Amino acid sequence: QVQLVESGGGLVQTGGSLRLSCEVSGRTFSNSAMGWFRQAPGKEREIVAAISWSGSSTYYADSVAGRFTISRDNAKNTGHLQMNSLKPDDTAVYYCAVRPYRYYTRSADDYNYWGQGSQVTVSS
């Protein structure tokens, strides 16, 4: 059984930083692409960032490019999302997800396994 356990969400002021982590168990993480998604109240889930199996290829939504950094440590079966210069518009529940293929896509429908979600709240 595949499990994704997230940690690191919380409340931060505008301009602050948070780091989300996602530990994967139950499958070979090193062969899986990972994505981070978020969903704000009343809005659809959207992709934030994604990373290929090796970490050599990454994607960022325009809204977070230059502020967020996605990374992974295959030896520890863990992925991370470093979020800097946070804004109130970044407030959402953030989800990590993996798909059993080496390369990422931008569609949530292509990801098979999901974390439990982490609330990120940015106060103005």
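Our subject is the structure listed above.
Summarised in this report is the structure supplied together with it. (Residues numbered from 1 in each chain as written. Predicted model: local features only at pLDDT ≥ 70, side-chain atom pairs only at ≥ 80, totals over all residues. Heavy atoms only, no water.)

Topic: the pairing of strand β11 (residues 118–123)
Each regular strand shows side chains that alternate between the opposite faces of the sheet. The side-chain alternation of β11 yields one buried face, formed by Ser118, Val120 and Val122, and one unburied face, formed by Gln119, Thr121 and Ser123. Relative to β11, strand β2 (residues 10–13) is paired through 4 bridges, and the arrangement is parallel. Among the inter-strand pairings, Leu11 is bridged to a residue of β11, identified as Thr121. Pairing between strand β9 (residues 92–99) and β11: 3 bridges, direction antiparallel. Paired with Val93 across the two strands is Gln119, which belongs to β11. (Buried < 20%, exposed > 50% of the residue type's maximum accessible area, 1.4 Å probe, protein only. Helix = DSSP H or I, 4+ residues; strand = E, 2+ residues; numbered from the N terminus. Pairing = 2+ DSSP bridges.)

A look at the state of the cysteines
Applying the stated rule across the entire model yields 1 disulfide. Between the sulfur atoms of Cys22 and its disulfide mate Cys96 the distance is 2.1 Å. The sign of the 65° torsion about the S-S bond sets the Cys22-Cys96 disulfide as right-handed. Here Cys22 is found in strand β3 (residues 18–25), whereas its partner Cys96 is found in strand β9, with 74 residues between them in sequence. Judged by relative accessible area, which is 0%, Cys22 ranks as buried. (Disulfide = S-S within 2.5 Å.)

Focus on the sheet that holds strand β8 (residues 78–83)
In spatial order, the strands read β1-β3-β8-β7; together these 4 strands make up an open sheet with antiparallel pairing. The two strands at the open ends of the sheet, each matched to only one other strand, are β1 (3–7) and β7 (68–73). In this sheet, adjacent strand axes meet at a mean angle of 15° when their direction is disregarded. Pairing geometry for β3 and β8, over 6 bridges, is antiparallel. Note on β8: the bridge partner recorded for Glu23 is Thr78. (Axes fitted to C-alpha atoms, helices over the stretch in contact; angles between N-to-C directions.)

As far as function goes, none of this settles anything; it's purely spatial.
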